[in-house]
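# Structural description and commentary
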Amino acid sequence: MKIGLLGIGTIGTGVREHLAGRDDISIKRILVRRDHPELGALATFHYEDILFDPEIDTVVELMGGMQPAFDYVLSALKAGKNVVTANKLMLSYHFEELLAAAQQSGVLLKIDASVGGGIPYLFNLMRSGRADTIHSLFGIVNGTTNLILDTMQLNGSEFSDVLAQAQRAGYAEADPSADIDGIDARSKLCISASIAFRRFVRPDDIAVSGIRNITREDIQVFKKLGYVCRLLVRAERIDADHICAFVEPTLLNPSEPEATVHRNDNLIGLVGEYVGQQYFFGQGAGKDPTAFAVVLGLTDILNGVRPLLGHEPQGYAAVDNSRLAHRYYVRTTSRLSIAAEKLRGHGDANLYLTAPMPVDRMHALAASLRMRDPNLFFAGVRG
Ligand code: HSE
């Protein structure tokens, strides 16, 4: 197998190192954006050198971002080349089109590296549809925010210091807003839900709130209340065409499985009709685990492994987040017009614990309050 590698950042470098010494898979060209003298003749600035090279049968897209990654991947599939990609943002918006292009050309689109890094989660989720009905998906799918929340909780660190640590470790996205605003987690939930419920899901239909505004003081309050905060995703099947799907910081009892997840680890759970509850745990971000998942995808292509075969999503799910309700912690300088208990004894901050309220209502309320109070922070409360 001869591959064209698009991008030589953290993961691309990991893939190159991982493939060194293999004789069944070799890199023929690497698309670069700036000079890389160490790559010699492997490097090219022109995607056409990969697209029109008949010896290259597989394109590995590790550039990230929407464009030009989407055009490159779509044209590779249409040209009859297999594609391996870790690009969750692109997949969340274009999964249907890319899957259709792969099917029309009779090639494989391998996306295992896009969710959960090195954890064999997506591969098994794809296969589970052959023998089960998935009722729900939940857990931690973003390593950067987990590292931030865990380190703030354990060491009392400042948000910005831990974010810088995640960037140095190569966990964070090129623009870390995608991590801290929950967009990366939303992309991963969108891909997972499309596979689990066999209906494509539009990323913009998923309610999302991140941890950009969380402070050291919030974490101190959570500790006093006996909670641990994690950025969680959740999707639930309502019926064949309707689901709930949202991303939000969540306060958990310390004994809950997600509360015990440390550093950049991920913990992704599912509930199936037959299989019951299952958890997938491991490193969800970083060079080596993600490179491992990419290389595993390449070996699947070599072996003709098609986990989704016959169970591809059909049509689109409608997202209805009015069906799930829970309490919320809210810190805002605005007046809350909903049933909520004011938390006293925590200095000057206006802190509230609401009565159970539907997820869609809380996210809409927060969006409207943030126009006057951009620093508002809220988190769901479980239990
Ligand atoms: N920025 C992502 C994370 C990388 O922190 O989980 C892995 O997808």
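Worth saying up front: this structure is predicted, and the values here are computed from it rather than measured. (Residues numbered from 1 in each chain as written. Predicted model: local features only at pLDDT ≥ 70, side-chain atom pairs only at ≥ 80, totals over all residues. Heavy atoms only, no water.)

What follows deals with the sheet that holds strand β5 (residues 82-85). Spatially, β3-β2-β1-β4-β5-β6 is the arrangement adopted by the six strands of the open sheet, whose pairing is parallel. The sheet is open, and its two edges are formed by β3 (43-44) and β6 (109-110), each paired on a single side. (Pairing = 2+ DSSP bridges. Helix = DSSP H or I, 4+ residues; strand = E, 2+ residues; numbered from the N terminus.)

Cis peptide bonds are those with omega within 30 degrees of zero, and the linkage from Q67 to P68 qualifies with 5°. Along the chain, P68 turns up in the loop between β4 (58-61) and α3 (69-78). Positive phi, normally seen in glycine, also occurs at R198, with a value near 60°. Tracing the backbone shows R198 in the loop between α9 (183-197) and β8 (207-208). The phi dihedral of R263 falls on the positive side, at around 50°, and the residue is not glycine.

In this structure the tally under the stated criterion is 20 salt bridges. Across the salt bridge formed by K28 and D53, the nearest N and O atoms sit 2.7 Å from each other. Taken as a pair, K28 in strand β2 (residues 26-31) and D53 in the loop between α2 (48-51) and β4 lie far apart in primary sequence, 25 residues in all. Classification of K28 as partly exposed rests on a relative accessible area of 28%. A residue is classified by how much of its surface remains accessible, and D53, at 11% relative accessible area, is buried. Through salt bridges with shared partners, one network takes in K88, E173, D184 and K188. (Salt bridge = Lys/Arg side-chain N within 4 Å of Asp/Glu carboxyl O. Buried < 20%, exposed > 50% of the residue type's maximum accessible area, 1.4 Å probe, protein only.)

Turning our eyes to something else, we now look at the layout of surface pockets. Left-over empty space is what a probe sized like a water molecule reveals as it rolls over the atoms. Empty space within the largest pocket amounts to approximately 1200 Å³. Around the largest pocket sit 49 residues that line it, and L62, M63, G64, E173 and A174 are the ones nearest its centre. Listed by contribution, the elements that provide at least two residues to the lining of the largest pocket are α1 (10-19), α4 (88-105), α6 (143-155), α8 (177-180) and α9. Considering each element in turn, the lining of the largest pocket owes the most residues, four residues, to α9. A breakdown of the residues in the lining of the largest pocket according to their chemical character gives 19 nonpolar, 21 polar and nine charged. Here the second largest pocket defines a volume of roughly 310 Å³. When residues of the lining of the second largest pocket are traced back to their parent elements, those giving at least two are β7 (134-140), β9 (228-239), β10 (242-252), β14 (325-331) and β18 (377-381). Tallied by class, residues from the lining of the second largest pocket come to nine nonpolar, four polar and five charged. (1 Å grid on protein atoms, 1.4 Å probe; cavity = no way out; pocket = protein on both sides within 12 Å on 5 of 7 lines; lining within 4 Å. Points joined across faces, edges and corners; volume = space filled by probe spheres on them. Nonpolar A, V, L, I, M, F, W, Y, C, P; charged D, E, K, R; others polar.)

What follows deals with the pairing of strand β11 (residues 265-272). Taken across its eight residues, β11 has seven buried, putting it largely inside the fold. In terms of strand pairing, β7 meets β11 through six bridges, oriented antiparallel. Paired with F138 across the two strands is G269, which belongs to β11. Between the antiparallel neighbours β11 and strand β12 (residues 276-283) lie three residues.

So, on to the site of the ligand. Around the ligand sit 13 residues, and of these K88, T144, Y171, E173 and D179 come closest. G143 is positioned such that a nitrogen or oxygen atom in its backbone is 2.8 Å from an oxygen atom of the ligand. In the model, a nitrogen atom of the ligand is placed 2.7 Å from a nitrogen or oxygen of the Y171 main chain. Surface burial for the ligand is 91%, taken as the share of its 260 Å² of free accessible area covered by protein chains. Among the detected pockets, the ligand sits in the largest pocket. Elements supplying a minimum of two residues to the shell around the ligand: α6 and α9. A breakdown of the residues in the shell around the ligand according to their chemical character gives four nonpolar, four polar and five charged. (Near = heavy atom within 4 Å. Polar contact = N/O pair within 3.5 Å; in protein donor to acceptor, adjacent residues only side chain to side chain. Areas by Shrake-Rupley, 256 points an atom, 1.4 Å probe, with all protein chains shown as cover. Sits in = over half its atoms within 2 Å of the grid points.)

In an α-helix, one turn spans 3.6 residues; hence positions three or four apart end up facing the same way. For helix α11 (residues 287-302), built from 16 residues, the straight-helix expectation of 22 Å at 1.5 Å per residue is met to within 8% by its first-to-last C-alpha distance of 23 Å. For α11, the set of buried residues is P289, T290, A291, A293, V294, V295, G297, L298, T299, D300 and I301. A positive backbone phi angle near 65° is found at G304, which sits one or two residues after α11. (Expected span 1.5 Å × (residues − 1).)

In short, shape yes, function no, at least from these values alone.
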